[in-house]
Amino acid sequence: MIITRRNWLLRCSILANIAVLLYICSHVMIGSSNFSVRPSQYLIQDDTNRMQFKHSSNKANLLMPPEKELEDDIRVNELMKSQVPEKQSEQIVNANAVQISLDAANEAFEDDNRFEIPTDETKLLKKEEAIEQDINGASFNSSTNNNIQNDLDSKLKSILRCHDRDFQPAIAQRGDFWVLKNYVRADHGELKCWESITYTTHADYSFLDNLPPLLERWNAPVSIALHAPGADFMPTISSIKYLRDCSPESSLIRLFVTFHIYFSSKHVPKVIPKADEIFATPFNCSLPSPFANVSSQQLYKTQKKLLYPVNVGRNIARDAALTHFILASDIELYPSPGLVHKFLEMIARNDPPLHRTAPRVYPLSLFEVDGSVSVPKDKTELQELLRKGKAIKFHSRVCAACHGVPKSKEWIAANETDDLGIFHIGKRMGYFVHWEPIYIGTHADPHYDERLSWEGKSDKMTQGYALCALDYEFHILDNAFLVHKPGIKVLKKDPKRAMLAGKTNQLIKKVIYPELQALYGVRKGCAV
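What you see is a predicted model; the values in this text were computed from it and never measured. (Residues numbered from 1 in each chain as written. Predicted model: local features only at pLDDT ≥ 70, side-chain atom pairs only at ≥ 80, totals over all residues. Heavy atoms only, no water.)

Visitor: Got a minute to help me understand the overall build of the protein in this structure?
Guide: Helix and strand counts for the protein come out as 16 helices and 14 strands. Burial status across the protein gives 40% buried among its 528 residues. Counting only contacts in the protein whose residues sit at least 6 apart along the sequence, the fraction spanning at least 24 positions is 83%. Only carbon and sulfur atoms are counted for the fraction: they give 57% of the accessible area of the protein, which is about 30,300 Å². (Helix = DSSP H or I, 4+ residues; strand = E, 2+ residues; numbered from the N terminus. Buried < 20%, exposed > 50% of the residue type's maximum accessible area, 1.4 Å probe, protein only. Contact = heavy atoms within 4.5 Å. Areas by Shrake-Rupley, 256 points an atom, 1.4 Å probe, with all protein chains shown as cover.)

Here is the structure:
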């Protein structure tokens, strides 16, 4: 009896459970007919209200701690629940559960795809992303470099207080010489006086093979005065065209080199075309360079027995330079790379040696190298050549006293450093009384005497006396140097040149030296 009653109760409970399940299912089915539209609306409304709530809050919330932000999110959720009917709230919960499941499925799908072999399209997208990152990095670096350069320019402008100079073509007279100033101008256009250094030099067209290697190392403005009397004029023009059109360094030459031409009033070329007419047609680059294998005997100058007016060329090129600082040098002397930027950085640093009040120039150490080696790229490489005997101090075998630099042994022994600085401050006195320094100076320095010729020698001695009499200091640069075109010079007897040198010495002694003493004064220890 008891067992029969228990069986009956069990059967009733099963029927009751089935009825409950059917009731629940019917409600679920009825609710699902409204679920497809409204939950998404509530979800959107929920997010919108939350955004509006946060947006209306104080700006200080941008800095609130994570715990505070979590509390605000909880309050927003509670607020939203209170605004939604109970059944809709249940539907929102179900919809959230479905959305969470979909998100989880998507994440799993993405995780699986991470290990798939990328298609061409994904490779392209990744490449584009990498390029974009490189561009952004380059833009950042460019911006940083621009800021550094602007800071350097600002310091130089403040320290130098120089004035910009004219860059227009002009025809002028200089003593017995006609000058075509800025006859072929560099593409750099107008320059601010403080933004670079100009390498000023001179030559006839037979020496123009030195311009490309010089410019490759200098990489800054060059002002060159070319002596082109009579029939030397047209080969000079052709050489300029070749350098600008056909040389491997033609882009640098166009950008940086300004050519001036000068000649004696007694040897004016028959035809002097305007520069824009000459360069209207490019040079035929299938032809050899006009200065290739040209000897001095082929020059009009030599055939007419003209002397080379070296100091006229030096002064023309120097006066035409647009920058405050100038390096008046010879075209066969190649500078150490990076000199311009390092020098300007040194000036901008304004280290204690630069606070001295005496006038100054910045001499460079000079060297020659054997014809079998390349010109050294830095001081460390130069030191190695010196150790091997493949390099020597400039003119050691011709006129050691003329180019002996104070503290030269110590300079050679000192290790190279990254920056440029002042190694030693010397004077043109004592053992160095006949020193002919080549240096970075300014337009304020004395000019070279234009009565002196290259053949007569001693062409820089009188200018050296003027510097000494004016009490110039010689701030020798520690890592900068000049190297002559490969090939070590030896002293050769030249009776004709010896005769001209004798005449020059008499001119200096009897005429020029007394003039210098009257103009610049007499200082103990100074000599020509």
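Visitor: Quick question: what am I supposed to make of the state of the cysteines here?
Guide: Structurally, a disulfide amounts to a covalent bond that connects the sulfur atoms of two cysteines. As enumerated under the stated definition, the model contains four disulfides in all. The disulfide bridge from Cys-246 ends at Cys-285, spanning 1.9 Å between sulfur atoms. Taking the sign of the S-S torsion, -80° for the link of Cys-246 and Cys-285, the bridge is left-handed. Of the two residues, Cys-246 is situated in the loop between helix H7 (233-245) and helix H8 (250-256) and Cys-285 in the loop between helix H9 (275-278) and helix H10 (300-303); the sequence distance between them amounts to 39 residues. Between the sulfur atoms of Cys-468 and its disulfide mate Cys-526 the distance is 2.0 Å. Around the S-S axis, the bridge from Cys-468 to Cys-526 shows a dihedral of about -80° and counts as left-handed. You can see Cys-468 sitting in helix H15 (residues 461-469) and its partner Cys-526 sitting in the segment after helix H16 (495-520), a full 58 residues away along the chain. (Disulfide = S-S within 2.5 Å.)

Visitor: Before we go on, may I ask you to explain the nonpolar core in this structure?
Guide: The tendency in soluble globular proteins is for nonpolar side chains to be buried side by side. Ranked by internal contacts, the top residues of the largest apolar core, which has 86 residues, are Trp-218, Phe-259, Phe-343 and Ile-440. Looking at this core, the element that brings in the most residues is helix H12 (residues 339-349), giving seven residues. In this structure, Phe-343 is in contact with Ile-197, Phe-325, Tyr-362, Leu-420, Ile-440 and Leu-477, ignoring residues within four places of it in sequence. Of all hydrophobic cores here, the second largest spans nine residues; its members include Tyr-262, Tyr-308, Ile-316 and Ala-317. (Core = buried A, V, L, I, M, F, W, Y, C linked by side-chain atoms within 4.5 Å.)

Visitor: Please explain H15 as it appears in this structure.
Guide: Since the α-helix advances by 3.6 residues per turn, residues separated by three or four positions end up pointing in the same direction. Summarising burial for H15: nine of the nine residues are buried, a large majority. At its buried positions, H15 is contacted by helix H11 (310-320), strand E12 (439-442), strand E13 (473-477) and H16. Count one or two residues on from H15 and you reach Asp-471, which has phi positive near 65°.

Visitor: Help me out: how do you make sense of a nonpolar patch on the surface in this one?
Guide: A cluster of nonpolar side chains, Ile-171, Trp-178, Val-268 and Ile-272, forms an exposed patch at the surface whose accessible area comes to about 350 Å². With respect to the helices, strands and loops of the structure, Ile-272 is situated in the loop between strand E5 (257-264) and H9. The exposure class of Ile-272 is partly exposed, given its relative accessible area of 36%. (Patch = residues over 30% accessible without salt bridge, like charges linked within 9 Å, V, L, I, M, F, W, Y side chains within 5 Å. Salt bridge = Lys/Arg side-chain N within 4 Å of Asp/Glu carboxyl O.)

Visitor: What am I meant to see in the sheet that holds strand E3 (residues 197-203) here?
Guide: Pairing between the strands of a sheet is mediated by backbone hydrogen bonds and can be parallel or antiparallel. Read across the open sheet, the ten strands follow the order E1-E2-E5-E4-E3-E6-E12-E8-E13-E11; overall the sheet is mixed. The sheet is open, and its two borders are formed by strand E1 (170-174) and strand E11 (422-426), each paired with just one other strand. If you compare each strand with its neighbour and ignore which way they point, the axes differ by 25° on average. For strand E8 (residues 360-363) and E13, the ladder comprises two bridges, and the chain directions are parallel. Counted as the bridge partner of Val-361 is Phe-474 from E13. (Pairing = 2+ DSSP bridges. Axes fitted to C-alpha atoms, helices over the stretch in contact; angles between N-to-C directions.)

Visitor: When you look at the packing of H15 against H16 in this model, what are you seeing that I'm missing?
Guide: Each pair of packed helices can be summarised by the angle the axes make with each other and by the distance between the axes. Look at H15 against H16: their axes get within 10 Å of each other, and the N-to-C directions meet at 25°. Taken together, H15 and H16 sit at an angle that is classed as roughly parallel. For the crossing formed where H15 meets H16, the hand is right-handed. Contacts between H15 and H16 pair Thr-462, Tyr-465, Ala-466 and Ala-469 from the former with Ile-508, Ile-512, Tyr-513, Leu-516, Gln-517 and Tyr-520 from the latter. Tallied by class, the residues present in the contact of H15 with H16 amount to eight nonpolar, two polar and no charged. (Parallel < 35°, antiparallel > 145°, perpendicular 65-115°, else oblique. Left-handed = near helix turned anticlockwise from the far one by under 90°. Nonpolar A, V, L, I, M, F, W, Y, C, P; charged D, E, K, R; others polar.)

Visitor: Would you take a moment to explain the sheet that holds strand E9 (residues 365-369) for this structure?
Guide: Strand order in the open sheet formed by four strands is E7-E14-E9-E10, and the pairing between neighbours is mixed. Of all the strands in the sheet, the pair left with one neighbour each is strand E7 (333-335) and strand E10 (391-393). Pairs of neighbouring strands in the sheet enclose a mean axial angle of 35°, with direction left out of account. Here E7 runs beside strand E14 (residues 481-484); their pairing, made up of three bridges, is antiparallel.

Visitor: How should I be thinking about the side chain of Thr-462 in this particular structure?
Guide: Structurally, the position occupied by Thr-462 is in helix H15. Exposure remark for Thr-462: the relative accessible area of 3% places this residue in the buried category. In this structure Thr-462 touches Asp-449, Leu-452, Ile-508, Ile-512, Leu-516 and Val-528, once residues within four positions along its chain are discounted.

Visitor: Where do I start with the pairing of E13 in this structure?
Guide: Of all five residues that make up E13, five are buried, and the element is covered over most of its length. In terms of strand pairing, E11 meets E13 through four bridges, oriented antiparallel. Its bridge partner being in E13, Gly-426 is matched across the sheet by Phe-474.

Visitor: Which parts of the structure should I look at to understand the packing of aromatic side chains?
Guide: Considering all chains together, one arrives at 13 aromatic pairs under this definition. A ring pair is formed by Phe-177 and Tyr-262, whose centres lie 6.0 Å apart and whose planes are at 65°; its orientation type is edge-to-face. One end of the pair, Phe-177, is in strand E2 (residues 177-184); the other, Tyr-262, is in strand E5, with 85 residues separating them in the sequence. Of the residues examined, Tyr-262 reaches a relative accessible area of 0% and is grouped as buried. (Phe/Tyr/Trp six-rings, centres within 6.5 Å; stacked < 30°, edge-to-face > 60°.)

Visitor: Quick question: what am I supposed to make of the confidence of the model for the protein here?
Guide: Should the pLDDT be low somewhere, the predicted coordinates at that spot are not to be read in detail. On average, residues of the protein score 83 in pLDDT, and 73% of them are at 70 or above. Contacts of residues 30-118 to residues separated by more than four positions or lying in other chains number 28 contacts, the stretch itself having pLDDT below 50. (pLDDT = per-residue confidence, 0-100.)

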